[in-house]
Each structure stands twice: as structure tokens, then as C-alpha cells.
Amino acid sequence: MKRLTCVLVVALNLLSQGAHADDAIIVLDASGSMWGKIQGKSRIDIAREVMAGLLAQLPADKRLGLVAYGHRRKGDCADIEELVPVGTDRAAIGAAVNRLSPKGMTPLSDAVSFAAQKLRYTEEKATVVLVSDGEETCHADPCAVGRELEAAGIGLTVHVVGFGLEKPQQRAGLICLAEATGGRYFDAANAAELTRALTETVAAAPAPAPQPTLSRVTLRATELEGGPEIASGLVWTLGPAGGQPLFTQSDAGVLTREIPPGDYAVTVERPADGLKGTGTLQCRAGAERTLTIVLAPAFEAKLQVTPAGAAPAGSEVSIAWQGPDRDGDYLTITAVDAPATSYLDYKYTRSGNPLRLTLPSQPGDYEIRYVLGRPYKVLAREAIAVTDVTATVTAAATAAAGSSVTVAWTGTAHNGDFITVVPPGSPVSFYMDYFDVRQSGGSAPLVMPVEAGSYEIRYVMQGGRILATSAIEVTAASASLDAPASGTAGAPVSVAWTGPNAAGDFITITKLDANEVAYLSYANARDGSPARLQLPAEPGAYEFRYVLLAKKVIARRQIDVTAP
């Protein structure tokens, strides 16, 4: 199995050869997910700090621009903007990055195309550096965009930084986009790795100009089509077809050489496992060429699932595995006919052996897979039938708002199962008060909502499946307050009360127009009646309140506070 491509490639140190050649634009992800945190700090804050350091070390004549997406509107795939045109205004770029407020989608493919057009990529040699914390979410194909840009441009390179990616399939489109244009892909899991990626793609010193009489070639090999670049252990041989080799280089990875123009045959071998591949190059003076040869290792994997064959929905299975254990390899459970990138529950192989996966909540036929992380390829699979499970919930037919109702249940009680009370017809993801069935011992109290009405108690299985329901009518709660009609500012006062006395109930004094849970002085209902409060220091009209579950006022009594 082999693949060879001969494409124009920009030198790895990238930018700034000449006044307008090798201009660059950074395309920065400002979608809503950039608020996600890495080691306690949001991704957008990390990006701001890294960009500030990068701008400080750029050469004075380095021409750089900034494009962002997802920073103005939610759900808008057209939210792409050139914030700073290509130039040398570092302060403008820094200020623009600091003003970004992540909100929206991830139209990364269109953003890269937009940046390429700003660089006049069909006329000038240029570079786009994309920093994204997720995959394309606007129905474009990054691979196709990369191929189109490569075909139309005269020297455009797109480098891609995957920032804080959490799922294996998020990398596929980003890697393909970079490789289609002769660019590089970087994984950046923290600030240091993001700094390294941007330094190598934006801030590195420009490569020396090639000799006009020579051709610059880059030779690279990958494990499988679209797989990782092989970094060492290769033997490269290049020479005229049928002639003496021009050179042989041992113990190499990616190899860059300057050679005379001509037609060449290329061979690469990996002595460690005997793999071998071949390709050809046609090089003219002053041109830059990249040849990628695909090596095809015979990766194998085995799975042993316990219990084998079938298991209840929502239960865990243990999987002992054998396989290449490459970085990014993982075990998953998914539908039988799902593509290689599909997953439900998954764990990386480097997390241990054996690994445990949680079966889906819906019964049916599934398979457990060993998936090669890059390129995504299923190396082993074991069929498993997920059998149905049942549950029941039993509780009183009526209850007062805010009261505690004992709910008894039966069921399989898998990790993540819970019981809640909600209005009928609520989405399965909605919940009010709830308890974890695995910690309840067959029954547990559930606090009713503060608003009267019809509700249902649900047994919800992990994975979002409702196994059982029980209707309950919640009646309005009542309370009373007995307190003086007037009092002196700052004086203590006693308020006798009756009410549900639920955990979280309190008696307070506050302004007449204050919100439901506002308070000045308060006492917990569980402390008993009468409640002892202190009148406000400012004279005026106030009211005592009984607040149910710290959410809803169910009794009020006005008091006039006078000056001492």
C-alpha cells in the first residue's frame, strides 16, 4: 500500500521572505468552547497569554494578520472576521485578541479559505496558521477545502494547531487540512505546547533562499494512509531511475535536501520491520517538492470481553486487549454498522489493561472495537448484545409543595442512574430535585417543587433513557406569620409562624418590592417558632416573609419601621 504526492511545500520556518512574500494570517478559534478550561484556566485566556508572548518575539518586519470566528454571534456559521489586516502592527493584534469573547460555532474551513483570499494566495506565497479547539461544526469538509486551496494556490501552506482536543475524531479533519497543503499539524494540550506550535509556525526565522539552480525536496513517510509521520529509523535512497543513487540517508525521519533538477526514483525502508515503499519525483530548478510514501505495518489487535456475548443495558464490561498501543488508540462500543470514527463510551488504550466500558442504555446489537487512533481504523471487534432492563418507582399520589416524599424503586441501579421529579413532558435531560439510586438503598426522600401542579417522578438511566414514571399531584403549601404591625428601627422582634418547616425554609424581613429570596435579617425555620429577627436601621415600610425552600414566598405580613 503506498501513496505519493508531489506538492509545493513552504519551508518549515515559514514566514517573511521579502516585503510581501510569505505573509501570514493567524486564524483564531473564538467559538463558545474556548471558555473550556485547561488546568483551571480558560482556553481563550491561555491563547491571549501565548499570543502576547509570540507578538513580543516576532521580527520587526514580520508581516502578520489576524482572523477570528465565532466571536460575535451564537449559531452563525458566517461569523468570520478579519480583525487586523496583514502588516506589522503588533499592538493591534494583541488588542484584538484581548477583546475576543467566545460565543458561537466553528466554521474553521470557511475561515481558512477567507484568510487565504485575504493573502491573495493565488498570486503570492503565504501561510495560514489555524488554532482550533474543536472540529468543523458548519457542515464543511476541511479535507476538501485543503485540496482546493492546494490546487488553486501558488505556495499556500496551512498549519493547524489542535488546542485542547479531547476526542480522537476531532483531529481527523484538522490533520487532513494541514497535510493537503503541505503544512504541519500540532497537538497542544497546554500553554507550553501552544507556544511551541506557534513559535515553530509563525515566529521561526525564515529559511535561507534556495539556490536558483537546485530543487529543494522533502521526503516523508507515514504509517498508513493519513497516519502519523515516521520520525526516525528510515533509510532513504534517491537517484535517477536505473542509475546510481544520488544519496542514501540512514536512521532518518523527514528528510530535506537540495538536489539538481531531474527525474528521480525514491526508496524508503524501515529495517526494524522490513517495510519498504517507493515513489518518483520530477523536480525543476528552484522548485520545492514534497513526496509522501505510505508504509503499511500489519497492525493486529485482539479483544476479550467479560461478560462475553451479552450484558444488560447500562452495565459495565471489562475488556482485556492486545494491540499496537499507539498514542491515540482507543477501545469503544458503538453500533455494528457505524463508521470507524463513531463511539458511544470509549477509553484510550494507554489508560490501562483491562479497560471498562459502559454499555448503551438502549437494547440492541453493538460491537466493542479496538480503533487505531490515526488513521482511524478498526483493528479488532467483538459483538455484544445489549439486553433490556426494567425499573419501577413508587410514591404517594399527592404531596404538598416543598415537602419531602419517600420514593421506593426497583431496577438494575447502574452507575449514573437517578430518580427525579419534573413536569410531565420535560426533556429527559431536565431534572429538579434528584437522588442517585446506587446510594439510596431501595428508597430515598425527594423534595417536591415549590409550585403546585401535576408532576411525575422518573427513574432515569445513564445515557438518557426513562425506565419508569409515577404521577404525583403537588398541592400548594401554606404558612402564617404573627408579628407586630410596627416597630422601632434596629430593634429586635419576634415572629411566630406556622408552615411546612422544610429544610431550607426561612423567615425574613425585607423591603416590599424585593425579589423572592432577598433578605435583610433572617432565621431558619428549623430553628423553631418564634423566629427572632432585627428590624432594619432605616425607617420605612417592610414585610416579614416565609420563604419555602429558599425559592418561593408563601406568607407575608407588613410592618412599618419608625425612627427611634
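Structure: see above.
Residues numbered from 1 in each chain as written. Predicted model: local features only at pLDDT ≥ 70, side-chain atom pairs only at ≥ 80, totals over all residues. Heavy atoms only, no water.

**Student:** How should the sheet that holds strand S7 (residues 126-132) be read in this particular structure?
**Tutor:** In a beta sheet, neighbouring strands pair by backbone hydrogen bonds and run either parallel or antiparallel. Taken in spatial order, the six strands make up an open sheet running S6-S5-S2-S7-S8-S9, and their pairing is mixed. This sheet does not close on itself; its edge strands, each paired only once, are strand S6 (80-87) and strand S9 (185-188). Averaged over all pairs of adjacent strands, the angle between strand axes in this sheet comes to 15°, irrespective of strand direction. Both strand S5 (residues 64-69) and S6 contribute to a ladder of five bridges, which runs antiparallel. Its bridge partner being in S6, Leu64 is matched across the sheet by Gly87. Helix-sheet contacts for helix H1 (residues 43-57) involve strand S2 (23-29), S5 and strand S8 (156-163), and the interaxial angle to S2 is about 160°. Sitting on the sheet, helix H5 (residues 170-180) is in contact with S7, S8 and S9, with an inclination near 155° to S8. (Pairing = 2+ DSSP bridges. Helix = DSSP H or I, 4+ residues; strand = E, 2+ residues; numbered from the N terminus. Axes fitted to C-alpha atoms, helices over the stretch in contact; angles between N-to-C directions. Contact = heavy atoms within 4.5 Å.)

**Student:** In this structure, what is going on with helix H4 (residues 142-152)? I would like to understand it.
**Tutor:** For an α-helix the count is 3.6 residues per turn, leaving residues at separations of three or four pointing the same way. Residues Pro142, Cys143, Val145, Gly146, Leu149 and Glu150 constitute the buried set of H4. Down the axis of H4, the buried side of the element spans an arc of 165°, and every buried residue falls inside it. Across H4 from its buried face, at more than 90 degrees, point the exposed residues Glu148 and Ala151. For H4, the capping residue at the N-terminal end is Asp141, with a side-chain oxygen 3.0 Å from the backbone nitrogen of Cys143. (Buried < 20%, exposed > 50% of the residue type's maximum accessible area, 1.4 Å probe, protein only. Arc of directions from axis to C-beta. Polar contact = N/O pair within 3.5 Å; in protein donor to acceptor, adjacent residues only side chain to side chain.)

**Student:** I tried to follow the sheet that holds strand S21 (residues 346-348) on my own but got confused; where do I start?
**Tutor:** If you trace the five strands from one edge of the open sheet to the other, you get S18-S24-S23-S20-S21, paired in mixed fashion. Taken across any chain shown, the strands that pair with only one partner, and hence form the sheet edges, are strand S18 (309-312) and S21. Taken pair by pair, the neighbouring strands of this sheet meet at an average axis angle of 35°, ignoring direction. Pairing geometry for strand S23 (residues 364-373) and strand S24 (residues 376-387), over ten bridges, is antiparallel. Note that in S24 the partner of Val371 across the bridge is Val378.

**Student:** How should I be thinking about the side chain of Thr106 in this particular structure?
**Tutor:** Counting through the fold element by element, Thr106 comes out in the loop between helix H2 (90-99) and helix H3 (108-118). With relative accessibility at 6%, the residue Thr106 sits in the buried group. Within the structure, Thr106 has its side chain in polar contact with the side chain of Ser31 (distance 3.4 Å). Beyond its immediate sequence surroundings of up to four residues, Thr106 is in contact with Asp29, Ser31, Tyr69, Ser132, Gly134, Glu135, Glu136, Thr137 and Cys138.

**Student:** When you look at the pattern of salt bridges in this model, what are you seeing that I'm missing?
**Tutor:** Close approach of charged atoms allows side chains of opposite charge to pair. Within the structure shown, the criterion is met by 31 salt bridges. Of the charged contacts, one joins Lys41 and Glu49 as a salt bridge, the two residues approaching to 2.8 Å between their closest N and O atoms. Residue Glu49 is classed as partly exposed on the basis of its relative accessible area of 47%. Here Asp187 makes a salt bridge to Arg171, at a shortest N to O gap of 3.0 Å. Here Arg171 lies in helix H5 and Asp187 lies in strand S9, a separation of 16 residues in the sequence. Three or more residues joined by partner-sharing salt bridges are found here, namely Arg72, Arg73, Asp76, Asp79 and Glu81. (Salt bridge = Lys/Arg side-chain N within 4 Å of Asp/Glu carboxyl O.)

**Student:** How do you make sense of the environment of Arg532 when you look at a structure like this?
**Tutor:** Along the polypeptide, Arg532 turns up in strand S38 (residues 531-534). Along the backbone, Arg532 and Ala496 are 36 residues apart, and their C-alpha atoms lie at a distance of 8.9 Å. Other than its neighbours up to four places away in sequence, Arg532 contacts Val493, Ser494 and Ala523. Within polar-contact distance, the side chain of Arg532 engages the side chain of Ser494 at 2.9 Å.

**Student:** Mind showing me how you'd approach the pairing of S5 here?
**Tutor:** Side chains on a regular strand alternate between the two faces of the sheet. Where burial is concerned, most of S5 is hidden: six out of the six residues are buried. Side chains Leu64, Leu66 and Ala68 project from S5 onto one buried face, and the interleaved Gly65, Val67 and Tyr69 project onto a second face that is buried too. Where S2 and S5 come together, six bridges link them in parallel fashion. Opposite Leu28, over in S5, you have Ala68 as the bridge partner.

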